[in-house]
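# A structural walkthrough
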Amino acid sequence: MGNPTELFTLDPHATLDADERTQLLAFLDTHRRLLNQCLDGLTEEEARRRLVPSRTTLLGLVKHATYVERVWFTEAVTGTPRQQLGLPPKVEDSFVLAETDTIVSIRDAHREACRDSARVLAGLALDDVATGHRFGAMTVRWILLHLLRELAQHCGHADILREQIVAARQS
């Protein structure tokens, strides 16, 4: 994310000749956008619909992506503990939806977390080391690659869930 106020605008296809950091951020930005967009045009009920035995729902996936942004960029990089950030201690609890969670509130929280991540990353190099996560010391590059892998996986989950929800409208 080049400019922290402009979200989801980087295009990986426009970064063929760019440096590694720009390329990583462009791919990450794409997956952030795709995950945020999985809620486009859905009703609140559809966004909350459970189609698998786990707690995975489309709204829960975006809520989890918000958690992930906070854990890897705020906790790991700045050292701010999860409890202080208001995050659940267990990752599986990050999918749990509160009664007050809505498409708008979850998307807004996700966008804000992405903005905060961009601000945290702005002054860091790929080889800078973060020490705030329970895994121990890790480079910013590792964090970006980890988040890219995780968001790509969740985008796949979202594609399948969304396809099922849209197909159910036609039956």
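What comes next is a walk through the structure. Within any chain, residue numbers begin from 1 and follow the written order of that chain's sequence. The model is predicted, so local features are restricted to residues of pLDDT at least 70 and side-chain atom pairs to those at 80 or more, both for listing and for counting; the totals for chains, interfaces and linings are taken over all residues. Hydrogens and water are ignored here; the side-chain numbers use all heavy atoms of the structure.

For cavity detection a 1 Å grid was placed over the protein atoms alone, and a set of points counts as a cavity when a 1.4 Å probe fits there but cannot get out; an open set counts as a pocket when protein lies on both sides within 12 Å along at least five of seven lines, with lining residues being those that have an atom within 4 Å of a point. Grid points are joined across faces, edges and corners, and a volume is the space filled by probe spheres set on the points. Each pocket or cavity is described by its volume, and for the largest pocket that value is around 190 Å³. Lining the largest pocket, in full, are Lys63, Thr66, Tyr67, Arg70, Leu85, Gly86, Leu87, Pro88, Asp93, Ser94, Val96 and Ala109. A per-element tally of the lining of the largest pocket places helix α3 (residues 58-78) first, with four residues. Each residue gets one of three labels, nonpolar for Ala, Val, Leu, Ile, Met, Phe, Trp, Tyr, Cys and Pro, charged for Asp, Glu, Lys and Arg, and polar for the others, Gly among them. Among the residues forming the lining of the largest pocket, the class breakdown is six nonpolar, three polar and three charged. Taken as a whole, the second largest pocket encloses approximately 160 Å³ of empty space. Together, His64, Tyr67, Val68, Val71, Trp72, Arg82, Val91, His133, Arg134, Phe135, His146 and Glu150 line the second largest pocket. At the level of elements, α3 and α6 (140-169) are the ones that each hand at least two residues to the lining of the second largest pocket. Counting residues per element, the lining of the second largest pocket draws most heavily on α3, which supplies five residues. Of the residues in the lining of the second largest pocket, the class split is six nonpolar, three polar and three charged. The helix count covers DSSP runs of H or I at least four residues long, the strand count covers runs of E at least two residues long, and both are numbered beginning at the N terminus.

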